[in-house]
Amino acid sequence: MVEGIEKQKTGFKFGKHRLTVTGVIKNWVFHGRTYRLLTVRTHDNLNYVSLRLYNQTGRFIKQLLVEPEIAQFIFQGFYTEWPDTLNKAVEVFGKEKQIDMAEEECAELIVSIKHLKRNRCGEEAVIEECVDVELMIEQMQNIFKDKLGLWGNIKAEKMERLAKLVEAGGDIRLKEVNDG
Ligand SMILES: [Mg+2]
């Protein structure tokens, strides 16, 4: 149990722990900023839930560490046993197998969209395949947890470009302007 808590330049921090990311719960992008809810472990094996804020360029700004016992109340609906189950799935089945599964679920989603277009299935079947892919993406975030900064940067870049295209009313020529 960590007793001390002190206010620091970057926000609240429990003591001076080195943190390892053990899982990804959820990412939210708002106005280009990314809020990321993660599970982390200190070097002396204490588990926390971390809410991290990254700016538009994917730069880490600050984090708030919350004890798991409290996180379940604050992040109701997001912090559940599920993320832990997704992390364990990677541990139990192995990275290679889960990457294969991600490939398979993406293929199933493609097929369901094709079926929907030809009225061979309903929207519920597509939603089901979307959820399968969503769960695989969350496992991929776990597999690539050492590169989550890169993940966030690429997402911020793509969101920025999409926002520009949307603003331009989908005018594809904007792409050429940006590239040129
Ligand atoms: Mg499926």
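1. Regarding the nonpolar core
Okay, step 1: Residues V24, I25, L37, L38, Y48, V49, L65, V66, A71 and L148 constitute the largest nonpolar core, which totals 10 residues.
Okay, step 2: If you list the elements that add at least two residues to this core, you get β3 (19-30), β4 (33-42), β5 (47-54) and β6 (60-66).
Okay, step 3: Sequence-distant contacts of L148, that is, excluding residues within four places in its chain, are made with V21, V24 and Q141.

2. With respect to the sheet that holds β6
Okay, step 1: The 4 strands lie next to each other as β3-β4-β5-β6, forming an open sheet whose pairing is antiparallel. If you trace the sheet from one side to the other, it starts and ends with β3 and β6, each paired once. Taken pair by pair, the neighbouring strands of this sheet meet at an average axis angle of 25 degrees, ignoring direction.
Okay, step 2: Here 6 bridges tie β5 to β6, and the two strands are oriented antiparallel to one another. When the bridges of β6 are listed, L53 appears paired with K62.
Okay, step 3: Across the face of the sheet, helix α5 (residues 148-167) comes into contact with β3, β4 and β5 while running at roughly 10 degrees to β3.

3. A word on α5
Okay, step 1: Helix length check: α5, at 20 residues, gives a terminal C-alpha distance of 28 Å against a target of 28 Å (1.5 Å per residue), a fit within 8%.
Okay, step 2: When we look at burial in α5, the residues that qualify are L148, G152 and A156. Down the axis of α5, the smallest arc covering the buried residues is 80 degrees, so these residues share one side. Among the exposed residues of α5, those oriented more than 90 degrees off its buried face are L150, I154, K158 and L162.
Okay, step 3: The inward-facing, buried residues of α5 contact β3, β4, β5 and α4 (123-143).
Okay, step 4: In the segment just after α5, G169 is the residue with positive phi, at about 70 degrees.

4. Looking at helix α3 (residues 95-117)
Okay, step 1: In this model, α3 (23 residues) spans 33 Å end to end at C-alpha, consistent with the 33 Å of a helix rising 1.5 Å per residue.
Okay, step 2: A positive phi of about 55 degrees marks N119, the residue just after α3.

5. Considering the environment of T85
Okay, step 1: In this fold, T85 is placed in helix α2 (residues 82-93).
Okay, step 2: Spatially, the C-alpha atoms of T85 and Q139 are 9.8 Å apart, while their sequence positions differ by 54 residues.

6. Overview of the confidence of the model for the chain
Okay, step 1: For the chain, mean pLDDT is 82; residues scoring 70 or higher make up 81% of the total.
Okay, step 2: Highest mean pLDDT in the chain belongs to α3 (97); lowest belongs to strand β2 (residues 11-13) (44).
Okay, step 3: Scored below 50 in pLDDT, residues 8-13 shows 11 contacts in the model against residues more than four places distant or in partner chains.

7. Here we look at unusual backbone geometry
Okay, step 1: Positive phi values are uncommon outside glycine, yet N45 reaches one of about 70 degrees.
Okay, step 2: For N45, the position within the fold is in the loop between β4 and β5.
Okay, step 3: Phi angles above zero are rare outside glycine, and N119 is one such case at about 55 degrees.
Okay, step 4: Position of N119 relative to the elements: it lies in the loop between α3 and α4.

Conventions we followed
- Residues numbered from 1 in each chain as written.
- Predicted model: local features only at pLDDT ≥ 70, side-chain atom pairs only at ≥ 80, totals over all residues.
- Core = buried A, V, L, I, M, F, W, Y, C linked by C-beta atoms within 7 Å.
- Buried ≥ 20, exposed ≤ 12 C-beta atoms within 10 Å, placed from the backbone.
- Helix = DSSP H or I, 4+ residues; strand = E, 2+ residues; numbered from the N terminus.
- Contact = placed C-beta atoms within 7 Å.
- Pairing = 2+ DSSP bridges.
- Axes fitted to C-alpha atoms, helices over the stretch in contact; angles between N-to-C directions.
- Expected span 1.5 Å × (residues − 1).
- Arc of directions from axis to C-beta.
- pLDDT = per-residue confidence, 0-100.

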